[in-house]
Structures are given as C-alpha cells and as structure tokens.
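Spelled out from the first residue to the last, the chains are:
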Amino acid sequence: MASPVELLSLTNPVFKSFVFWVGVLVIKMLLMSLLTAVQRFKTKTFANPEDLMSPKLKVKFDDPNVERVRRAHRNDLENILPFFAIGLLYVLTNPSAWLAINLFRAVGISRIVHTLVYAVVVVPQPSRALAFFVALGATVYMALQVVLSAAF
Amino acid sequence: MASPVELLSLTNPVFKSFVFWVGVLVIKMLLMSLLTAVQRFKTKTFANPEDLMSPKLKVKFDDPNVERVRRAHRNDLENILPFFAIGLLYVLTNPSAWLAINLFRAVGISRIVHTLVYAVVVVPQPSRALAFFVALGATVYMALQVVLSAAF
Amino acid sequence: MASPVELLSLTNPVFKSFVFWVGVLVIKMLLMSLLTAVQRFKTKTFANPEDLMSPKLKVKFDDPNVERVRRAHRNDLENILPFFAIGLLYVLTNPSAWLAINLFRAVGISRIVHTLVYAVVVVPQPSRALAFFVALGATVYMALQVVLSAAF
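This structure is a prediction, so every number in the text was calculated from the model and none was measured.

**Section: the relation of the copies chain A and chain B**
At step 1: Least-squares fitting of chain A to chain B yields an RMSD of 0.0 Å, with the transformation described by 0.0 Å of translation along the axis and a rotation of 120°. Both copies are brought into coincidence by an operation consistent with a three-fold rotation axis. Closest approach to the rotation axis among the C-alpha atoms of chain A is made by V5 of chain A, whose C-alpha sits 3.5 Å away.
At step 2: The share of interface residues of chain A whose copies in chain B are also at the interface is only 19%, consistent with the copies meeting through different surfaces.

**Brief notes about the side chain of D51 of chain C**
At step 1: Topologically, D51 of chain C is positioned in the loop between α2 (13-43) and α3 (64-92).
At step 2: Using a relative accessible area of 11% as the deciding quantity, one classes D51 of chain C as buried.
At step 3: Not counting the four nearest positions on each side in its chain, D51 of chain C is found in contact with Q125 and R128 of chain B together with F46 of chain C.

**Things to note about helix α5 (residues 127-151) of chain A**
At step 1: When the terminal C-alpha atoms of α5 of chain A are compared, their 36 Å separation across 25 residues agrees well with the 36 Å that a helix rising 1.5 Å per residue should span.
At step 2: The inward-facing, buried residues of α5 of chain A abut α3 (64-92) and α4 (97-120) of chain A together with α2 (13-43) of chain B.

**Comments concerning the layout of surface pockets**
Rolled over the atoms, a probe as big as a water molecule pinpoints where empty space is left.
At step 1: Of the pockets and cavities examined, the largest pocket occupies roughly 1,600 Å³.
At step 2: For the lining of the largest pocket, the elements supplying multiple residues, two or more each, are α3 of chain A, α3 (64-92) of chain B together with α3 of chain C.
At step 3: Grouping the amino acids of the lining of the largest pocket by side-chain chemistry returns 19 nonpolar, five polar and 25 charged.

**Describing the pattern of salt bridges**
At step 1: Enumeration over the complete set of coordinates arrives at 21 salt bridges over all chains.
At step 2: Two residues, R68 of chain C and E50 of chain A, come together in a salt bridge whose shortest N-O distance is 2.8 Å. Taken together, the residues R68 of chain C in helix α3 and E50 of chain A in the loop between α2 (13-43) and α3 connect one chain to another. Each of the two residues, R68 of chain C as well as E50 of chain A, counts as buried.

**Let's talk about the UniProt feature "transmembrane region" (unreviewed entry) in chain A**
All names here are of chain A.
At step 1: The UniProt record annotates "transmembrane region" (unreviewed entry) at residues 18-38, 80-97 and 130-151.
At step 2: Annotated as residues 18-38, this span is 100% helix and 0% strand, and its ends, taken at the C-alpha atoms, are 30 Å apart.
At step 3: Structurally, residues 80-97 comprises 78% helix and 0% strand, and the distance from its first C-alpha atom to its last is 21 Å.

**Comments concerning the interface of chain B and chain C**
At step 1: Every contact between the two is made by 35 residues of chain B and, on the other side, 32 residues of chain C.
At step 2: Summed over the shared surface of chain B and chain C, the number is three salt bridges.
At step 3: Taken together, the connections running from chain B to chain C amount to eight residue pairs in polar contact (both at pLDDT 80 or more).
At step 4: Among the secondary structure elements, those contributing two or more residues to the side of chain B that touches chain C are α1 (4-7), α3 and α5 (127-151) of chain B.
At step 5: Across the side of chain B that touches chain C, the residue classes tally to 25 nonpolar, five polar and five charged.

**A few points about the packing of α3 of chain B against α2 of chain C**
At step 1: It is at 10 Å that the axes of α3 of chain B and α2 of chain C come closest, and there the two elements cross at 150°. By the criterion of interaxial angle, the relationship of α3 of chain B to α2 of chain C is roughly antiparallel. Considering the relative orientation of α3 of chain B and α2 of chain C, their crossing is left-handed. For the pair formed by α3 of chain B and α2 of chain C, the contact residues are E78, N79, P82, A85, I86, L89 and L92 of chain B on the first element and F15, F18, V19, V22, G23, V26, M29, L30 and S33 of chain C on the second.
At step 2: For the contact of α3 of chain B with α2 of chain C, the class distribution of residues is twelve nonpolar, three polar and one charged.

**Details of the interface of chain A and chain B**
At step 1: Contact with chain A, which involves 36 residues of that partner, is made by 32 residues of chain B.
At step 2: For the pair chain A and chain B, the summed buried surface comes to about 2,700 Å²; carbon and sulfur atoms form 74% of the total.
At step 3: Inspection of the chain A/chain B interface yields three salt bridges.
At step 4: As a salt-bridge pair, R128 of chain A and E50 of chain B come within 3.5 Å of each other at their nearest N and O atoms.
At step 5: Seen at the junction of chain A and chain B, the total is seven residue pairs in polar contact (both at pLDDT 80 or more).

**Some remarks on the packing of aromatic side chains**
Residues and elements named next belong to chain A.
At step 1: Summed over the entire model, instances satisfying the criterion amount to 24 aromatic pairs over all chains.
At step 2: A centroid spacing of 6.2 Å and a plane angle of 55° characterise the contact between F83 and F84, whose relative ring orientation is tilted.
At step 3: Assessed through its relative accessible area of 0%, F83 is described here as buried.
At step 4: Each ring, one from F83 and one from F104, has its centre 6.0 Å from the other, and the planes form 65°; the classification is edge-to-face.

**A few points about empty space enclosed by the protein**
At step 1: Throughout the structure, instances matching the rule amount to eight cavities of 30 Å³ or more.
At step 2: By volume, the largest cavity amounts to about 350 Å³.
At step 3: If you go around the largest cavity, you meet 21 residues; those closest to its centre are A85 of chain A, F84 and A85 of chain B together with F84 and A85 of chain C.
At step 4: Only α2 and α3 of chain A, α2 and α3 of chain B together with α2 and α3 of chain C provide two or more residues apiece to the lining of the largest cavity.
At step 5: In terms of residue class, the lining of the largest cavity is made up of 21 nonpolar, no polar and no charged.

Cut-offs and rules
Residues numbered from 1 in each chain as written. Chains lettered and ligands numbered in written order. Predicted model: local features only at pLDDT ≥ 70, side-chain atom pairs only at ≥ 80, totals over all residues. Heavy atoms only, no water. Least-squares fit on C-alpha atoms with pLDDT ≥ 70 in both. Contact = heavy atoms within 4.5 Å. Helix = DSSP H or I, 4+ residues; strand = E, 2+ residues; numbered from the N terminus. Buried < 20%, exposed > 50% of the residue type's maximum accessible area, 1.4 Å probe, protein only. Expected span 1.5 Å × (residues − 1). 1 Å grid on protein atoms, 1.4 Å probe; cavity = no way out; pocket = protein on both sides within 12 Å on 5 of 7 lines; lining within 4 Å. Points joined across faces, edges and corners; volume = space filled by probe spheres on them. Nonpolar A, V, L, I, M, F, W, Y, C, P; charged D, E, K, R; others polar. Salt bridge = Lys/Arg side-chain N within 4 Å of Asp/Glu carboxyl O. UniProt positions renumbered as here; feature names shortened; annotations may be inferred. Polar contact = N/O pair within 3.5 Å; in protein donor to acceptor, adjacent residues only side chain to side chain. Axes fitted to C-alpha atoms, helices over the stretch in contact; angles between N-to-C directions. Parallel < 35°, antiparallel > 145°, perpendicular 65-115°, else oblique. Left-handed = near helix turned anticlockwise from the far one by under 90°. Buried area = accessible area lost by both parts, 1.4 Å probe. Phe/Tyr/Trp six-rings, centres within 6.5 Å; stacked < 30°, edge-to-face > 60°.

Here it is in structure tokens:
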C-alpha cells in the first residue's frame, strides 16, 4: 500500500483532483451567502432588526426567493460537507485513479448543476432530483469503500 | 512522536477506528435526506412549486413529521461535521489508542441513538438529551486536547 | 516541496496555527447549542412536544431570541465548516508561514467577533457584516490558492 506521504501529495492525481474539486465547491458554497444577500436586498427581506435599511421596514422571514436560495444552501451543507470528509479518507484508501477522479468530477459537476437549477434558474423536476442523486450516490459509494477498508 | 505517515495509515488502530466511524456517520447523515423525502411524500409536504406532484397541492412548510426529521438532520450538521474535523486532528496528536477508540465509538453510537430516538421512534426525554451530551462531551474533550497540543 | 510528513506535523508552525484555530472554533460552535438551550429555557420555547417541561406549554418556533442564536449558529455551519476543509488543504500547499498564520487568525478572531455581535450582545451594523466579510475573504483567498495549486 502507498504511504500517506505519496497519497496526500499533489503528485498523486487522485489527491490533486480532490483538492481541485474541494476548492471549487468551497467557493461555490460561499457564493450562496452572497446570492442570499442579493435576494434579501432585492426583496427587502431582512431577518434582524439591526439589518433594516429604513425605519419603515420590518423583519420578514417568508420571501420565497430568499427562502429558495437558503434551501439550496442548506442542501449544500447536508451533502457537500460530508463529501469533504469522506473524500479525503477515500483518497487515503488508495483507490483506482480513474474511478476516484470520475467520482470527484461527478460530485463537483452535479452539485454545481444542483445550485443552477435550484437557485439561479428554476428548471422543472427531475433536473434537481437527478443532480442531487448523482452526488449522493457517488458520496455513499465512497463512504462504503471507506467503511469496508476499515472494517477488517 | 510518531510521524503523520504512521498516524494516517490504516495500520494505526486509532486512525482505522476514526475512518470506520466517519464512514458510518456519513452514510447515516446522507440517509436523513431520504428519511425527509419519505416524510414529504407521506404527508404531501413539498417546499418548492416545481416539486408538487399534483396541481391541487400547494407548497407547505409546517408539517410536524417533516420538520422533526429536518431538525434531527440539522442537529447532525451542528455536531457530526465538527467531529469529522476535530477527530482527524486528534488522531494527529497521537492519543492513547484505548481512549481515542472509545471516544470515537461514543460519538458514533450516541449520534445513531440520537437519530433513532428523535426522528425514527420518538422516545421521551431525557433519551435524546443524553445521546446529545455524550457526543458533545466527547467532541469537546477532543477539541480541548487538540487546542492544548497546539497552544504551547 | 515539503512532504506531507513535515506539513502535517506540529513542528510546522502553519499546521500548528491551523490546529489551534480549528480547536478553538469547534468549541465555539458547540457552545452555540448550549446558548440556544439557554434561550429556549429562558423563553420557554421548545420545538418538540417531548421537550415541554409542563403540560401547559405548547411547541413554539418563533421566539426572536432563540431564532437569533439559531441564525448565528447556521452562519457558523455555512462559513466555519468549509474553512476546516480548505484550511487543511491550504496547509498542504506549503504556503508562506506569515501569510497563512495571519489568515487563520483572521478567520478565527472574526468568527468569534461575529458570534459576539450577533448572538451575545447585539451590536449595530456594520459590525456583523465586517466580521462576516473578513472571514469570508480569507477563506475564499485560501480556496483560490488551493484551486490554483491543483489546476496545473
């Protein structure tokens, strides 16, 4: 088995691919906060009294455009953050490079598509469901491999 | 001190135990999405217009069964995800194997119990509180050890 | 390039600083649950029927003090957890020690300030916005460096 020294080095194409997609997905996730802010200002929907721009405004929690972006953001927390943890451990199991790189690509691309069809331009189902399940399936597969590598 | 090469290898029983429980808890967390979906279909509670299965339905946000699963899921985000980060760093502090493995077991088992008594079969308190505090206590202990190892 | 052995060792001041701030921020995040609990008991606002302390109480979801702490906590999930993932990969890119240590400090201190001005003593804007954007900017910078290190 390769040692962690080689596995966690950018000369390992599997780790390099993981590093790339984590970076991309972190930026994508952090942009969700800005997308929420854009919707808040557009619809004048603020959740805290100290955020109100004018004394005529009141706090508001039910704007559908703001809530849509927040649901997409929460879905990222539920799915992308566990991928970060399991992806690193999956790299340390020294998987087949071809398979691992394509799994990382599948998660990365499908989570970007998920955001686009959920929170940027609303596309009818099953587009969001498909994007969701591609990433979920890839992450569950990695988690099972990780559990198996440690179970015996 | 052992080097990161040995600490992050599956021949280190502490790392092996961490890897096992991260894999199990990632799968557990991802199943929460499916459990939410089951409750949404059962109670016909959908949060997006594009998800409505029939033109007679309207978006709905207050079904108690759906919201219960979502609260359990959010509690996972708040507690399991920080454990993933601190657990890895704790492994790198080269802790006592016996203690570390039992802390990981305590977190893993108590978070599974937390989900069962919160979102699967509702069990009266203090069952959920106990499960919550066992995992919280173990994670805070690891975090304190990690801070101490880096503070001096 | 330094090897992962040296980079992930506490003799590397960059890694040592990262480890310290992850530990501090994990403890800070976990305390948010206790702060929420304090507000729940103070205002008798419980989200689950099995949590009600007296048969006269009903579940309640809209107490502003409870919801304020929960928003601060969610903001931590959205910003601190991605920092944990990207910070570790950033350490592995062998960055300038001075820059990296100050970026970790900036994230750590600004996220503590964010909690204080949001959920402990409400301070008028732009204090919370400033704290938010310092941590966001530092995290996005690290993510861009990580993507660049893996893109070529």
